Amino acid sequence: MFDRIKKKTYIYKDFLLSLFSSAISTFISQIIVYPILAQKLSNDEYGVILTTIAVANTLISALGNSLNNTRLIVQAEYENEKVEGDFMPLCLILSIIASTIYFVYLAWLNRYTLSTVVLMVLFVLLGVLRTYGAVSFRLTINYLANLWLSICVALGNAIGVAALVVSNSKNAWVLVFLFGEIIGVIYLLSTPIYREKKKFTKLFRRTLGKEAILLITTLSANLLVYLDRLLLYPILGSEAVAVYAVASFFGKSLGIVVTPLSGVLLSYYSKRQYTMTLSKYRLTSGATFSLAILFIGVCRLISRPITGVFYPTLIDEAEPILNLANIASVIAVAVNLISPAVLRYAKTYWQIIIQVLYFAIYFGLGVWASREYGLVGFAYASIVAVLIKFFVLYFVGEFSIRKYQKETM
């Protein structure tokens, strides 16, 4: 009995630490960085930066987080076989791939000076290293150290903001993001994660297969996180990107805070002693959906005045779609909170099926609706697509966990 209470206490503590960790980064980025950029730049310039940072974050999160999650999933095999390796070579390869892709994208976009492009590419390279390196704390379930990592990144962002304000140069905006990754990587140098053996082991082929599948699913998921910007930019232009980003500001801020909690769940699900049951899954999913509905109500009450404080120059344009954009963002948060159970207990191919289905619906509806009805149509398309994903994900989890229970009885 005492052990059970102690275990629950640790879980709640880790949730709180993870919440504080993401709240710090959210406060710096959503409350300080982006509002300052919006005020210093024209709507067109701000929309372009939002789009290019979306591409950068997609690459960083897809390549870094996929390897991070792969490490968690296969760690028990490496411990059983008593081998070390594979991950640092893979991390370096993925960092180079991400940087190359981003350089080609920026060259094609042709909106920045060469010096800015070089700094942005460096930001992506360091971002992949930092995102993977954070697995060091997930392996040991040390969310206090992860909190310090977030503080270091936030400190770097704050230094970048100061440099932007003092220099009074529009081109200094990239330093805001770059300094955060630099200090984050420096902090991780105190862990053994980057000093692990840089060699391939007998488990490499199996690990590479899992990484390839997770890379596809994680890339798809992150593309969908920023698909609003990636779709709206070529169809409605950079100003539409800026307006929709402001409209969804309140709901997406919740997502940035809460989404890391899914990492806490996956960390616990990955432990051999953890037992998942249908009742636990249903309780978690039901509570998640109920909280989403509650927060949608909160958004309707206070999102307008709060968003207006931080984005006074864009709030009038964003107001017609404010509630719709926040509804889509909040449901997307609910999806992220039930997905760890599916990631852990469902067959890997389900991840691909779900992401492809969601991408097809989101892309198809989004393109059609934005062309026919502008930003309002795109907002409705976003709600429909993310609702479908939630229910498909839930039933795949229900089926997979029921099967898992039968096999382990």
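Residues numbered from 1 in each chain as written. Predicted model: local features only at pLDDT ≥ 70, side-chain atom pairs only at ≥ 80, totals over all residues. Heavy atoms only, no water.

For helix α3 (residues 87-109), which comprises 23 residues, the first-to-last C-alpha distance of 32 Å matches the rise-based estimate of 33 Å (1.5 Å per residue) to within 8%. A positive backbone phi angle near 55° is found at asparagine 110, which sits one or two residues after α3. (Helix = DSSP H or I, 4+ residues; strand = E, 2+ residues; numbered from the N terminus. Expected span 1.5 Å × (residues − 1).)

Relative to each other, helix α6 (residues 143-167) and helix α7 (residues 173-188) sit at 150°, their axes nearing to 7 Å. Between α6 and α7, the interaxial angle falls into the category roughly antiparallel. Seen from above, α6 lies across α7 with right-handed handedness. Residues belonging to the contact of α6 with α7 are distributed by class as follows: 18 nonpolar, five polar and no charged. (Axes fitted to C-alpha atoms, helices over the stretch in contact; angles between N-to-C directions. Parallel < 35°, antiparallel > 145°, perpendicular 65-115°, else oblique. Left-handed = near helix turned anticlockwise from the far one by under 90°. Nonpolar A, V, L, I, M, F, W, Y, C, P; charged D, E, K, R; others polar.)

Attention now moves to the side chain of serine 382. Of note, serine 382 is situated in helix α16 (residues 348-408). Here the side chain of serine 382 touches tyrosine 362 through a polar contact of 3.3 Å, side chain to side chain. Not counting chain neighbours up to four residues away, the residues in contact with serine 382 comprise Tyr244, Ala328 and Tyr362. (Polar contact = N/O pair within 3.5 Å; in protein donor to acceptor, adjacent residues only side chain to side chain. Contact = heavy atoms within 4.5 Å.)

A few words on the packing of helix α2 (residues 43-81) against helix α4 (residues 114-133). Look at α2 against α4: their axes get within 8 Å of each other, and the N-to-C directions meet at 25°. Of the possible angle classes, the one that applies to α2 and α4 is roughly parallel. Seen from above, α2 lies across α4 with right-handed handedness. Across from Thr52, Ile53, Ala56, Asn57, Leu59, Ile60, Leu63, Gly64, Asn65, Leu67, Asn68 and Arg71 in α2, the residues of α4 making contact are Met120, Phe123, Val124, Gly127, Val128, Thr131 and Tyr132. A per-class count over the contact of α2 with α4 returns 11 nonpolar, seven polar and one charged.

Our focus in this paragraph is the packing of aromatic side chains. Scanning the entire structure with this criterion turns up 21 aromatic pairs. Look at tyrosine 102 and tyrosine 105: their rings are 6.1 Å apart centre to centre, the planes differ by 25°, and that puts the pair in the stacked class. Remark: tyrosine 105 and tyrosine 102 occur in helix α3; sequence separation between them is three residues, near one turn of the helix. Of the two residues examined, tyrosine 102 and tyrosine 105, each falls in the buried class. Their ring planes at 85° and their centres at 5.4 Å tell us that phenylalanine 390 and phenylalanine 391 sit as a pair that is edge-to-face. We classify phenylalanine 390 as buried; its relative accessible area is 4%. (Phe/Tyr/Trp six-rings, centres within 6.5 Å; stacked < 30°, edge-to-face > 60°. Buried < 20%, exposed > 50% of the residue type's maximum accessible area, 1.4 Å probe, protein only.)

So, about the environment of phenylalanine 359. Note that phenylalanine 359 resides in helix α16. For phenylalanine 359, a relative accessible area of 31% corresponds to the partly exposed category. Note: C-alpha distance between phenylalanine 359 and valine 386 (27 residues apart in sequence) is 9.9 Å.

Another point: the nonpolar core. Ranked by size, the top nonpolar core spans 116 residues in total, and within it Leu37, Tyr46, Tyr102, Tyr112, Trp173 and Phe177 carry the most contacts. Non-local contacts of tyrosine 102, meaning those with residues more than four positions away in its chain, are made with Thr52, Ile53, Val55, Ala56, Leu59, Met120, Val121 and Val124. (Core = buried A, V, L, I, M, F, W, Y, C linked by side-chain atoms within 4.5 Å.)

We now examine a nonpolar patch on the surface. A surface patch of nonpolar side chains, amounting to about 360 Å² of accessible area, comprises Ile93, Ile97, Ile101 and Phe200. Take isoleucine 97: it is sitting in helix α3. (Patch = residues over 30% accessible without salt bridge, like charges linked within 9 Å, V, L, I, M, F, W, Y side chains within 5 Å. Areas by Shrake-Rupley, 256 points an atom, 1.4 Å probe, with all protein chains shown as cover. Salt bridge = Lys/Arg side-chain N within 4 Å of Asp/Glu carboxyl O.)

Moving on, we come to α6. Helix length check: α6, at 25 residues, gives a terminal C-alpha distance of 36 Å against a target of 36 Å (1.5 Å per residue), a fit within 8%. Two residues or fewer past α6, asparagine 168 is found with a positive phi of approximately 55°.

Mapping threonine 218 onto the fold places it in helix α8 (residues 204-225). A polar atom in the side chain of threonine 218 sits 2.5 Å from the backbone oxygen of leucine 214. Sequence-distant contacts of threonine 218, defined by excluding residues within four places in its chain, comprise Ser61, Ala62, Asn65 and Ser66.

Glancing now at the pattern of salt bridges. In total, this model carries seven salt bridges according to the counting rule given. The salt bridge involving arginine 206 is made with glutamate 77; its shortest N-O contact spans 2.7 Å. Placement of the pair is arginine 206 in helix α8 and glutamate 77 in helix α2, with a sequence separation of 129 residues. A relative accessible area of 24% means that glutamate 77 is categorised as partly exposed. The salt bridge involving arginine 130 is made with glutamate 181; its shortest N-O contact spans 2.9 Å. With a gap of 51 residues between them, arginine 130 in helix α4 and glutamate 181 in helix α7 connect regions that are remote in the sequence. Glutamate 181 matches arginine 130 in its accessibility class, with the two residues each being buried. Overlapping salt bridges, with partners in common, bring together Arg304, Asp316 and Glu319 in one network.

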